[in-house]
Amino acid sequence: MLRMRVSILAVLCALGLAIVPADGDAQVRRGRGGDPLPTWAPIAVGLRAGWDQRANAEVLGAHIRIPVVRSGILEFVPNAEIAFLSGAKDYQYTLETAWVPGGPRGGVFVSAGIGWRDTVVASATSGRPRDTFFGYVLGAGGKTRVGRVEVEVALRWVFLNDTTYRPNAATFGINYPLWQIGPGAGE
């Protein structure tokens with residue numbers, strides 16, 4: 001009977017030790033703060049250039065990458081682009097959310113959002129000089145740090161409502177983070 005109680009007590013102690021944190025930093029002496037929270041992933045502003053295959057035109061754009069969570073794996077990316085058609089220009093404005101599993105270290109990303117495209121291409125059927133269409137945006141790409149800046153390559157597809165016009169662009173961009181984070185941040 002005594003052996004059974006000792007065995008049960010030993011098992012309960014072993015289970016208790018398994019769930020208790022390994023380090024004892026939970027107790028902080030008075031006058032000393034705990035570890036500071038990691039800094040937010042930086043906001044980055046960027047420019048990009050590329051080719052819109054459907055519009056058969058060069059593309060020039062600007063965007064800002066705003067982290068939604070501290071680690072930077074989720075970003076809000078408002079952006080604007082101009083497609084330089086022969087004799088005209090298309091203007092596109094999108095609001096996207098990007099998932100970047102690598103956070104501030106970069107890596108692959110996927111994005112989705114909504115957008116508006118002011119175009120002359122699809123307006124031939126309406127008789128107006130320009131039309132603005134609402135649509136949905138899907139994107140994928142990769143980004144990496146090169147010194148102080150980030151280099152980004154992306155593909156973006158725009159699915160416009162009320163038209164068969166479906167612009168898609170391949171772009172190369174440079175992002176400039178507004179502040180630096182320490183080594184190992186975002187891990």
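A. Representation of the side chain of Gln-92 in the model. Within the secondary structure layout, Gln-92 lies in strand 4 (residues 88–99). In this structure Gln-92 comes out as buried when scored by relative accessible area, which is 3%. At 2.6 Å, the side chain of Gln-92 forms a polar contact with the side chain of Arg-117. Not counting chain neighbours up to four residues away, the residues in contact with Gln-92 comprise Asn-79, Ala-80, Glu-81, Trp-116, Arg-117 and Val-158.

B. Examining the sheet that holds strand 1 (residues 44–52) more closely. If you walk around this closed barrel you meet the eight strands as 1-2-3-4-5-6-7-8, and the pairing is antiparallel. Strand-to-strand twist across the sheet, computed as the mean angle between neighbouring axes with direction ignored, equals 25 degrees.

C. Examining the confidence of the model for the protein chain more closely. Mean pLDDT over the protein chain: 82, with 73% of residues reaching 70 or higher. The lowest-confidence element of the protein chain is helix 1 (residues 2–19), averaging 58 in pLDDT; the highest-confidence one is strand 1, averaging 96.

D. Molecular detail of the packing of aromatic side chains. Scanning the entire structure with this criterion turns up two aromatic pairs. Consider the rings of Phe-134 and Tyr-136, whose centres lie 5.4 Å apart with planes at 80 degrees: the pair is edge-to-face. Under the relative-accessibility criterion, Phe-134 is labelled partly exposed at 27%. What makes Tyr-136 partly exposed here is its relative accessible area of 44%. Taken together, the aromatic side chains of Trp-116, Phe-134 and Tyr-136 make up a single cluster linked through ring pairs. For Arg-65, the ring lying beneath its charged end belongs to Phe-109, and the centroid distance is 4.8 Å.

E. The arrangement of the pattern of salt bridges in detail. For the structure shown, the criterion picks out ten salt bridges. A salt bridge links Asp-90 to Arg-117; its shortest N-O distance comes to 3.2 Å. One end of the pair, Asp-90, is in strand 4; the other, Arg-117, is in strand 5 (residues 106–119), and 27 residues separate them in sequence. By the burial criterion, Asp-90 is buried, and Arg-117 matches it. Close ionic contact of Arg-130 with Asp-118 constitutes a salt bridge, the shortest N to O distance being 2.8 Å. Here Arg-130, found in the loop between strand 5 and strand 6 (131–146), pairs with Asp-118, found in strand 5; they are twelve residues apart in sequence, far enough to count as distant. Among the residues examined, Asp-118 registers a relative accessible area of 18% and is labelled buried. Three or more residues are tied together by salt bridges with common partners; here these are Arg-65, Glu-75, Lys-143, Glu-150 and Glu-152.

What counts and what doesn't
- Counting from 1, residues in each chain are numbered in the order their sequence is written.
- The predicted nature of this model means local features are confined to residues of pLDDT at least 70 and side-chain atom pairs, given and counted, to a pLDDT of 80 or more, with totals for whole chains, interfaces and linings taken over all residues.
- For the side-chain quantities, the full set of heavy atoms in the structure was used; hydrogens and water were omitted.
- Strands are runs of DSSP state E lasting at least 2 residues, helices are runs of H or I lasting at least 4, and numbering of each runs from the N terminus.
- Think of it in three bands: residues with accessible area under 20% of the maximum for their type are buried, residues over 50% are exposed, and the middle band is partly exposed, with areas taken using a 1.4 Å probe on protein chains only.
- Here a polar contact means two N or O atoms within 3.5 Å. Within protein one must be a hydrogen donor candidate and the other an acceptor candidate, and residues neighboring in sequence count only if both atoms are side-chain atoms.
- The contact definition used throughout considers only heavy atoms, calling two residues in contact when any of these lie within 4.5 Å.
- The pairing criterion is simple: DSSP has to find at least two bridges between the two strands.
- Helix axes are fitted to C-alpha atoms over the stretch in contact, other axes to C-alpha atoms as well, and angles between N-to-C directions run from 0 to 180 degrees.
- Per residue, pLDDT measures the predictor's confidence, with a range of 0 to 100.
- In this analysis, rings of Phe, Tyr and Trp, with Trp reduced to its six-membered ring, are considered paired at centre separations within 6.5 Å, and the interplanar angle assigns stacked below 30 degrees, edge-to-face beyond 60, and tilted for intermediate values.
- Put simply, a charge is over a ring when the Lys NZ or the Arg CZ is close to the ring centre, within 6 Å, and near the line of the ring normal, within 35 degrees.
- When a carboxyl oxygen of Asp or Glu is within 4 Å of a side-chain nitrogen of Lys or Arg, the pair counts as a salt bridge.

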